[in-house]
Amino acid sequence: MKQPLSIAVAQPRCTAYDVTANAVAHAEAVRAADARVVVFPEMSLTGYELDAAPVVPDDERLAPIVAACAETGTLALVGAPVPGPRIGILAVGGDGARVAYGKVCLHGSEATRFVPGSPP
């Protein structure tokens, strides 16, 4: 029998530019959600700062989220600036992270800092 797909949306308290602290807050939200997929807001990992440095998938600061996903069997979809530079989504699981999406339609000041992702 297949396990039902439970999806949670979480918005942890974030600190501007502090990926380390924000990763811990995201990990706590993953554990609390009790869901197979947890979706976080755009740019939440860097505290919603457009001028934050991109976060690469093998960044060691993601370790708390990876650990929380490994413990719970969760996939976390975490918003962050990613290489490109793009506004992206990191798909974080118990085995690590990968860039899953780059925002396609940029607005206002986003277009001066980022390039659009590829259409689906």
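Above this note sits the structure.
Residues numbered from 1 in each chain as written. Predicted model: local features only at pLDDT ≥ 70, side-chain atom pairs only at ≥ 80, totals over all residues. Heavy atoms only, no water.

J.: Residue-level account of the side chain of S44, with values.
T.: Mapped onto the fold, S44 is located in the loop between strand 2 (37–39) and helix 2 (63–72). When neighbours within four sequence positions are excluded, S44 is seen to be in contact with C14, N22, H26 and G79. (Helix = DSSP H or I, 4+ residues; strand = E, 2+ residues; numbered from the N terminus. Contact = heavy atoms within 4.5 Å.)

J.: Quick rundown of the pairing of strand 4 (residues 86–93)? Include the residues and the values.
T.: Strand 4 sits mainly inside the fold: 7 of its 8 residues count as buried. Counted between consecutive antiparallel strands, the loop separating strand 3 (residues 75–82) from strand 4 contains 3 residues, among which G84 sits at a positive phi close to 150 degrees. (Buried < 20%, exposed > 50% of the residue type's maximum accessible area, 1.4 Å probe, protein only. Pairing = 2+ DSSP bridges.)

J.: Tell me about the side chain of H26, and please be specific about residues and values.
T.: Mapped onto the elements of the fold, H26 is located in helix 1 (residues 19–33). In this structure the side chain of H26 is engaged in a polar contact, spanning 2.6 Å, whose partner is the backbone oxygen of N22. In this view, H26 contacts P12, C14, F40, S44, L45, I65 and V78; residues no more than four positions away in its chain are not counted. (Polar contact = N/O pair within 3.5 Å; in protein donor to acceptor, adjacent residues only side chain to side chain.)

J.: Talk me through the sheet that holds strand 3; I want residue IDs and the actual numbers.
T.: Read from one edge of the open sheet, 5 strands run 1-2-3-4-5, paired in mixed fashion. Since the sheet does not close on itself, it has two edges, and those belong to strand 1 (7–9) and strand 5 (96–102), each with one partner. With strand direction ignored, the average angle separating the axes of adjacent strands in the sheet is 30 degrees. As judged from the 6 bridges shared by strand 4 and strand 5, these two strands associate in the antiparallel manner. The residue bridging V92 from the neighbouring strand is A97, located in strand 5. Sitting on the sheet, helix 2 is in contact with strand 3, strand 4 and strand 5, with an inclination near 40 degrees to strand 4. (Axes fitted to C-alpha atoms, helices over the stretch in contact; angles between N-to-C directions.)

J.: Please give an account of the pairing of strand 3 that cites residues and values.
T.: Within strand 3, 6 of the 8 residues are buried, leaving the element largely enclosed by the surrounding structure. For strand 2 and strand 3, the ladder comprises 3 bridges, and the chain directions are parallel. Within strand 3, the position partnered with V39 by the bridge is L77. For the segment spanning strand 2, helix 2 and strand 3, crossover handedness is right-handed. Where strand 3 lies against strand 4, 7 bridges are found, and the strand directions are antiparallel. In the strand pairing of strand 4, G79 is matched with I89. (Right-handed = clockwise from strand over helix to strand, strands pointing away.)

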